[in-house]
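So the chains spell out like this:
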Amino acid sequence: MLRRPVWQVGALAVVAGAVLTEAFALAARGLGVSMLAATGDQEPAEIPVGGFATAVLVCATVGVLLALVLARFTRRPARIFAATTGVLTALSLVPPFLTTDTATSTQLVLAVAHLVAAAVVVPPLTRRLALVRR
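Residues numbered from 1 in each chain as written. Predicted model: local features only at pLDDT ≥ 70, side-chain atom pairs only at ≥ 80, totals over all residues. Heavy atoms only, no water.

A. Structural view of the overall build of the protein. In terms of regular secondary structure, the protein is built from four helices and two strands. Put simply, the protein runs from its N terminus to its C terminus through helices and strands in the order α-β-β-α-α-α. Burial statistics for the protein: of 134 residues in total, 38% are counted as buried. (Helix = DSSP H or I, 4+ residues; strand = E, 2+ residues; numbered from the N terminus. Buried < 20%, exposed > 50% of the residue type's maximum accessible area, 1.4 Å probe, protein only.)

Right under this line is the structure:
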């Protein structure tokens with residue numbers, strides 16, 4: 001059985017996560033959910049089409065880098081990766097609800113988008129890290 005390198009599994013997962021998260025956001029837009037969001041004292045601004053995918057590409061790439069470091073330097077990379085990404089995913093659910101002047105429906109879409117991205121990116125990387133032998 002061919003085992004893809006961790007970076008390759010991560011790259012595929014990141015692209016899939018970005019595509020599916022953006023599709024989710026586009027579906028929400030199609031259902032009439034406003035994509036106006038504001039943080040701090042700023043005026044609400046439209047989250048652009050592609051904004052969800054871009055955020056996933058950036059954040060999930062950091063997750064792949066974490067996976068690579070764990071695969072190289074730890075004995076149980078899958079366990080550490082799963083625990084770390086679980087905590088980070090839970091923490092990522094808080095900021096959408098702290099946005100000011102943002103509709104509740106938009107806040108929910110933002111939070112669920114974090115879950116969609118994590119559900120697509122984390123499992124394949126965790127499974128691949130479980131095969132790492134040091």
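B. Summary view of the side chain of Thr-21. Residue placement: Thr-21 occurs in helix 1 (residues 6–30). Here Thr-21 falls in the buried class, since its relative accessible area comes to 1%. Residue contacts for Thr-21: discarding those within four places in its chain leaves Phe-52, Val-56, Ala-113, Val-116 and Ala-117. (Contact = heavy atoms within 4.5 Å.)

C. Representation of the UniProt feature "transmembrane region" (unreviewed entry) in the protein. Residues given the UniProt feature "transmembrane region" (unreviewed entry) here are residues 49–71, 78–98 and 104–125. The span residues 49–71 is 91% helix and 0% strand, and its two end C-alpha atoms sit 34 Å from each other. The span residues 78–98 is 71% helical and 0% strand by assignment, and the distance between its end C-alpha atoms comes to 31 Å. (UniProt positions renumbered as here; feature names shortened; annotations may be inferred.)

D. Representation of the layout of surface pockets. Taken as a whole, the largest pocket encloses approximately 680 Å³ of empty space. Along the walls of the largest pocket sit 25 residues, with Cys-59, Ala-60, Ser-92, His-114 and Ala-117 positioned nearest its centre. Looking at which element gives the most residues to the lining of the largest pocket, the answer is helix 2 (residues 51–73), with ten residues. A class-by-class count of the residues in the lining of the largest pocket yields 18 nonpolar, seven polar and no charged. (1 Å grid on protein atoms, 1.4 Å probe; cavity = no way out; pocket = protein on both sides within 12 Å on 5 of 7 lines; lining within 4 Å. Points joined across faces, edges and corners; volume = space filled by probe spheres on them. Nonpolar A, V, L, I, M, F, W, Y, C, P; charged D, E, K, R; others polar.)

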